[in-house]
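Read off the chains here:
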Amino acid sequence: MPRPLALALAALALLGSAAAAQERGTVNPRPLPPLANPNDPNLAAKELFGRATAAAPMEARAFGFYSRGCVAGAVALPVNGETWQVMRLSRNRMWGHPDMIAFLERFAKKVPQVSRWPGILVGDISQPRGGPMLTGHASHQIGLDADIWLTPMPRRSLSTEEREMTSAVNMVRADRRDIDPATWTRDHLQVIRAAATDPAVERVLVNAAIKRALCREAGSDRSWLSRVRPVPGHNYHMHIRIGCPAGSAGCRPQDPPPTSDGCGAELDWWFTEEVLNPRPNPNWRPPPPVTMAQLPEACRQVLVAR
């Protein structure tokens, strides 16, 4: 299998499908049962971090990489702001490094200035102490990733049931080769561009069909397009990633994105038959869950801090 295709398929497996990203929550969340042996070295780390309900009372720092780490001193984004509302409250994934929370509040305030949206709907950020999640994402582990729905915030406060049961709107055509003109608007371009031009942002991840629309509609200023990267899924939301914060020496940055706008042959590859309709690999097996031994050593302290 060609390496780019293998990487794309691996990304799809790790990132989860668009449908998974739209899984409903519950209006009656219940605590998870206690673990029989939380000190078992073979226990999946997601079982431990998934049971943390509050942030580690430590100096704010991100440890590890976006897809293998944790966060200390996380802050919860308030569920209601003048220009944002948090969705899927039952997941308790509205926590992030203070730099991410500051970005989201700044970005949300800017959105009504550049578009007709009243504000944004915020999906998953991180768990209270980061780390691997019981369901969904492979990343979002160090408090520096956030999902923003590609659906504008309404001009009223959503009910708890609406936040748990409502689905975002699909931006991609049924054949996955372009955006759906029935749902895509110029406002989507303006909102994504506002995210990509923020100095704190390193990447904005979107479906390749959305990237195609951005390439076509961006106009003369194309400098921000290099930060917008195509990934599988992500046809309902954009995934925003900021860089390692100052003072987080244990945070491992991602390589800088290519300097080109990513709108040529690199993007065309995503619409080839081998990518849109890959042949199943009968030998593929899901990787084993990550254990505490595979996370940065500092994550043990983050997990037990009281």
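Look up a bit, the structure's there.
## Notes on the overall build of the protein
Part 1 of the argument: Counting secondary structure elements, the protein contains 10 helices and 11 strands.
Part 2 of the argument: Its C-alpha atoms give the protein a radius of gyration of 19 Å, near enough to 19 Å, the size a compact globule of 306 residues would have.
Part 3 of the argument: Here the C-alpha coordinates of the protein stretch approximately 55 × 50 × 40 Å along the principal axes.
Part 4 of the argument: The contacts of the protein with a sequence gap of at least 6 include a subset with a gap of at least 24, amounting to 78%.
Part 5 of the argument: By element, 54% of the accessible surface of the protein is carried by carbon and sulfur atoms, the whole surface being about 14500 Å².
Part 6 of the argument: Distance between charge centroids for the protein: 2 Å, based on 36 positive and 28 negative side chains.

## Re the environment of asparagine 39
Part 1 of the argument: Structurally, asparagine 39 is set in the loop between helix H2 (18-21) and helix H3 (45-49).
Part 2 of the argument: Counting along the chain gives 44 residues from asparagine 39 to threonine 83, while the straight-line C-alpha distance between them is 43 Å.

## What to know about the state of the cysteines
Part 1 of the argument: Summed over the entire model, instances satisfying the criterion amount to three disulfides.
Part 2 of the argument: Between cysteine 215 and cysteine 263 runs a disulfide, and the two sulfur atoms are separated by 2.0 Å. On the sign convention where negative means left-handed, the S-S torsion of about -80 degrees between cysteine 215 and cysteine 263 marks this disulfide as left-handed. With cysteine 215 in helix H7 (residues 208-217) and cysteine 263 in the loop between strand E11 (237-242) and helix H8 (265-268), the pair connects residues that are 48 residues apart, well separated along the chain.

## Describing the pairing of strand E1 (residues 61-65)
The side chains of a regular strand alternate between the sheet's two faces.
Part 1 of the argument: Counting buried positions over the five residues of E1 gives four, a clear majority of the element.
Part 2 of the argument: Across five bridges, E1 lies against strand E2 (residues 68-72) in antiparallel orientation. Pairing of phenylalanine 63 across the sheet is with cysteine 70, part of E2.
Part 3 of the argument: Between E1 and E2, which pair antiparallel and follow one another directly, the connecting turn spans two residues.

## Some details on helix H4 (residues 98-114)
Part 1 of the argument: The end-to-end C-alpha distance of H4, which contains 17 residues, comes to 25 Å, matching closely the 24 Å that a straight helix rising 1.5 Å per residue would cover.
Part 2 of the argument: Three or more residues of H4 are buried, namely Met100, Ile101, Phe103, Leu104, Phe107, Ala108 and Val111. Here the buried residues of H4 occupy an arc of 155 degrees about the axis, which is enough to place them on one side. Facing away from the buried side of H4 by more than 90 degrees, the exposed set consists of Lys109 and Gln113.

Cut-offs used in this document
- Residues numbered from 1 in each chain as written.
- Predicted model: local features only at pLDDT ≥ 70, side-chain atom pairs only at ≥ 80, totals over all residues.
- Heavy atoms only, no water.
- Helix = DSSP H or I, 4+ residues; strand = E, 2+ residues; numbered from the N terminus.
- Rg over C-alpha atoms; globule rule 2.2 N^0.38 Å.
- Contact = heavy atoms within 4.5 Å.
- Areas by Shrake-Rupley, 256 points an atom, 1.4 Å probe, with all protein chains shown as cover.
- Lys, Arg positive; Asp, Glu negative; His and termini not counted.
- Charge placed at Lys NZ, Arg CZ, Asp CG, Glu CD.
- Disulfide = S-S within 2.5 Å.
- Buried < 20%, exposed > 50% of the residue type's maximum accessible area, 1.4 Å probe, protein only.
- Pairing = 2+ DSSP bridges.
- Expected span 1.5 Å × (residues − 1).
- Arc of directions from axis to C-beta.

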